[in-house]
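Structural overview for review
Now for the letters of each chain:
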Number of protein chains: 2
Amino acid sequence: MLLSIEPDGPVPIYQQIRDRIVEAIARGRQPAGSALPPIRQLAVDLGVNFHTVNKGYDLLRQEGLLRLGRKSGAVVRRDAGSGPPDPGWTQDWAARLRTLLAEAAAQGMPATDIVAECETAIADFAFPAAAAEA
Amino acid sequence: MLLSIEPDGPVPIYQQIRDRIVEAIARGRQPAGSALPPIRQLAVDLGVNFHTVNKGYDLLRQEGLLRLGRKSGAVVRRDAGSGPPDPGWTQDWAARLRTLLAEAAAQGMPATDIVAECETAIADFAFPAAAAEA
DNA sequence: TATCTGTTCTATATATTATAGAACTAATAA
DNA sequence: TTATTAGTTCTATAATATATAGAACAGATA
């Protein structure tokens, strides 16, 4: 489990930890049932306080992606193969997506490029029965 | 210029102001050259401090989307018809896109649904010579 | 001159972020 | 039992971000 962090970046460290793990889950590198490093160990590896890692893990638990146990540690609960997400969650996510895509359009990015970026990202994910036909 | 804000939401007010304006630009409701409300007036309309609006406008200025003048006020500088964005900017944006899309995949959203949400959002934008063929 | 607009400064209060240390709970291993 | 492991829960501190507030300034316009 490699996990590179930018300590001096604009995005909070606990958020970066959460983001990298979400990406690892989406790409199938952390399938459902797989274990994540213990909070204290990851904190040492990253050179940050264990409370910071704990906050990132807790975020993932609130999102339903992690299951945290006393001795079992942090285990992935959902992945790209799980059932469809909650309708309310999908709405919130779609709103954030619209804002992010609008940003690219406002910056003058062509529609074809925007679509291409989306497809490139999605192609890296590990869907259960992916068909990568062009 | 309608602009609804959630004062008690998790996202900062100045960020919401920035996001709504970005979406208005992308959708062609605020084309390049069009004027935005004065800082103080928008502050009154939204029921927030004018410093909060100023911070949102200043963000957009830093992103190259707005031009702020003494008497000219806030004028849109770039829109969906402008030239392609800066390569460095595109890289950063693509990274944020990958994180957001990974979130949906990790939550179990099917690839087809993710693509559909992207296309739905893009269809609302005002590209110069859009071809909406299916 | 007077007005409108963005800009800049100080100031205050609250919330967020990150670090730090200590103690606790539950499960496992020796 | 005893020790270890790992998450959980408290307090505490410092730095930064957020939002409000007021005042004053600078440039363009009527």
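Note that the structure is predicted; figures quoted are calculated from it, not measured.

Two copies of one chain are present, and they are related through a rotation about an axis combined with an axial shift. Once turned by 180° and shifted 0.0 Å along the axis, chain A lies on chain B with an RMSD of 0.0 Å. Such a turn and shift between the copies fits a two-fold axis. Most of the interface of chain A is mirrored in chain B, where 100% of its interface residues are also at the interface.

A few words now on empty space enclosed by the protein. Applying the stated criterion across every chain, the model contains 1 cavity of 30 Å³ or more. Each pocket or cavity is described by its volume, and for the largest cavity that value is around 40 Å³. The wall of the largest cavity is formed by Val115, Cys118, Glu119 and Ile122 of chain A together with Val115, Cys118 and Glu119 of chain B. Contributing elements (two or more residues each) for the lining of the largest cavity: α5 (111-123) of chain A together with α5 (111-123) of chain B. It is α5 of chain A that contributes the most residues to the lining of the largest cavity, 4 residues altogether. Considered class by class, the residues forming the lining of the largest cavity number 5 nonpolar, no polar and 2 charged.

Before going further, it helps to examine the protein's contact with DNA strand D. Surrounding DNA strand D, one finds 23 residues, the nearest of these being Arg40 and Lys71 of chain A together with Tyr14, His51 and Thr52 of chain B. Across the atoms of DNA strand D situated within 4 Å of the protein, the share located in sugar and phosphate is 61%. The side chain of histidine 51 of chain B places a nitrogen or oxygen atom 2.5 Å from a base oxygen of DNA strand D. With respect to DNA strand D, the side chain of arginine 70 of chain B contributes an N or O atom lying 3.3 Å from a base nitrogen. Listing elements by their share of the surface near DNA strand D, those giving two or more residues are α2 (39-46), α3 (50-62), β2 (66-69) and β3 (73-76) of chain A together with α1 (13-26) and α3 (50-62) of chain B.

Reports of interface size often rely on the accessible area that becomes lost once the parts have come together. Across the contact, 45 residues belong to chain A and 45 residues belong to chain B. Summing both sides of the interface, chain A and chain B together bury roughly 4,200 Å²; the carbon and sulfur share of this comes to 70%. Of all residues in chain A, Trp93, Glu103 and Gln107 of chain A bury the most surface against chain B, accounting for 17% of the area lost on that side. Inspection of the chain A/chain B interface yields 4 salt bridges. Glutamate 103 of chain B is the partner of arginine 96 of chain A in a salt bridge, and the nearest nitrogen-oxygen pair spans 2.6 Å. Counting across the chain A and chain B interface gives 12 residue pairs in polar contact (both at pLDDT 80 or more). Mapped by element, the contributors of at least two residues to the side of chain A that touches chain B are α1 (13-26), α4 (87-106) and α5 of chain A. Examining the composition of the side of chain A that touches chain B, we find that 15 residues originate from one element, α4 of chain A, more than from any other. For the side of chain A that touches chain B, the class distribution of residues is 27 nonpolar, 6 polar and 12 charged.

Before going further, it helps to spend a moment on the environment of valine 11 of chain A. Tracing the chain through its elements places valine 11 of chain A in the segment before α1. C-alpha separation for the pair valine 11 of chain A and threonine 120 of chain A, spaced 109 residues apart in sequence, amounts to 24 Å.

Another aspect to go through is the protein's contact with DNA strand C. Residues in contact with DNA strand C amount to 23 residues; listed here are only the nearest, Tyr14, His51, Thr52 and Arg70 of chain A together with Arg40 of chain B. If you look at DNA strand C and keep only atoms within 4 Å of the protein, 61% of those are sugar or phosphate atoms. Note that a base nitrogen of DNA strand C is positioned 2.7 Å from one of the side-chain N or O atoms of arginine 40 of chain B. Listed by contribution, the elements that provide at least two residues to the surface near DNA strand C are α1 and α3 of chain A together with α2 (39-46), α3, β2 (66-69) and β3 (73-76) of chain B. For the surface near DNA strand C, the element with the highest residue contribution is α3 of chain A, accounting for 4 residues. When the residues that make up the surface near DNA strand C are grouped by side-chain class, the tally is 9 nonpolar, 7 polar and 7 charged.

About the cut-offs
- Residues numbered from 1 in each chain as written.
- Chains lettered and ligands numbered in written order.
- Predicted model: local features only at pLDDT ≥ 70, side-chain atom pairs only at ≥ 80, totals over all residues.
- Heavy atoms only, no water.
- Least-squares fit on C-alpha atoms with pLDDT ≥ 70 in both.
- Contact = heavy atoms within 4.5 Å.
- 1 Å grid on protein atoms, 1.4 Å probe; cavity = no way out; pocket = protein on both sides within 12 Å on 5 of 7 lines; lining within 4 Å.
- Points joined across faces, edges and corners; volume = space filled by probe spheres on them.
- Helix = DSSP H or I, 4+ residues; strand = E, 2+ residues; numbered from the N terminus.
- Nonpolar A, V, L, I, M, F, W, Y, C, P; charged D, E, K, R; others polar.
- Near = heavy atom within 4 Å.
- Polar contact = N/O pair within 3.5 Å; in protein donor to acceptor, adjacent residues only side chain to side chain.
- Buried area = accessible area lost by both parts, 1.4 Å probe.
- Salt bridge = Lys/Arg side-chain N within 4 Å of Asp/Glu carboxyl O.

These results come straight from atomic positions and should not be treated as a statement about function.
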